[in-house]
Amino acid sequence: MNDPFDFLAAEFGLVHVDASKAAAMAMPDARTSCFYARRALELAVNFAFDNDRALQRPYDDNLSALVNSPAFKAVAGESVYNFAREIIRLGNQAVHSNRPIRQIDSVNAVSKLFHVTYWFGRTYGRASKPSPSLTFDPNGLPRTSPIPRRTLEQLQTLEVELAARDE
């Protein structure tokens, strides 16, 4: 697979791992893909708040509160802000809803994640900023994955485990 998130690997390894999982699962397992897209976004946004003096954490510092803070919107801009909100929405549906998650949803989440992480890499990268000519091609997403499909219950358990590990 041609990993659309390779530009993150050198400086943002944790974000890269989860963004790559989102891309790898977009076609074979849309629910898991949306979960990992939201997780990668959360890691990137937390990095930004931890390292950008223009971003002060609001009283409630869950992902939605961080993204919806006026400071984040000012730093990220309208497009990145809207893309981040959509990733959150799709990721939350993947983990908290029994409704089917479609491939179009996961491809949408991965596409928006690409744009958010491109901005993130250009803004916070020190040694290896992504090329200005870098683009996202959904046709490059793999149709199969060596990672097994996950059920809604498995994703909910994984969410709790990752949140505990992050603490």
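A. Spotlight on the overall build of the protein chain. Of regular secondary structure, the protein chain possesses 7 helices and 0 strands. Starting at the N terminus, the α and β elements of the protein chain follow one another as α-α-α-α-α-α-α. Compactness check: the protein chain gives a C-alpha radius of gyration of 15 Å against a globular reference of 15 Å for 167 residues, within 12% of the reference. Seen along its three principal axes, the alpha-carbon backbone of the protein chain occupies a region of about 40 × 35 × 25 Å. Sorting the 167 residues of the protein chain into buried and exposed places 48% on the buried side.

B. Local environment of the environment of Asp105. Structurally, the position occupied by Asp105 is in helix α6 (residues 103-124). Since its relative accessible area comes to 7%, Asp105 is described here as buried. Sequence separation of Asp105 and Arg143 is 38 residues, and the distance between their C-alpha atoms is 15 Å. In this view, Asp105 contacts Cys34, Leu90 and Arg99; residues no more than four positions away in its chain are not counted.

C. The nonpolar core, seen in detail. Phe5, Leu41 and Leu113 are the most contacted members of the largest nonpolar core, which totals 52 residues. At 12 residues, helix α2 (residues 30-51) tops the list of elements feeding residues into this core. Look past the residues within four positions of Leu113 in its chain and what remains in contact with it is Phe5, Ala19, Ala22, Ala37, Ala40, Leu41 and Ile87.

D. Examining the side chain of Glu86 more closely. Here Glu86 shows up in helix α5 (residues 78-96). Take Glu86: its relative accessible area is 19%, and that puts it in the buried class. Among the polar contacts listed, one links the side chain of Glu86 to the side chain of Arg89, at a separation of 2.7 Å. In contact with Glu86, other than residues within four places in its own chain, are Asn108 and Lys112.

Criteria and thresholds
- Residues numbered from 1 in each chain as written.
- Predicted model: local features only at pLDDT ≥ 70, side-chain atom pairs only at ≥ 80, totals over all residues.
- Heavy atoms only, no water.
- Helix = DSSP H or I, 4+ residues; strand = E, 2+ residues; numbered from the N terminus.
- Rg over C-alpha atoms; globule rule 2.2 N^0.38 Å.
- Buried < 20%, exposed > 50% of the residue type's maximum accessible area, 1.4 Å probe, protein only.
- Contact = heavy atoms within 4.5 Å.
- Core = buried A, V, L, I, M, F, W, Y, C linked by side-chain atoms within 4.5 Å.
- Polar contact = N/O pair within 3.5 Å; in protein donor to acceptor, adjacent residues only side chain to side chain.

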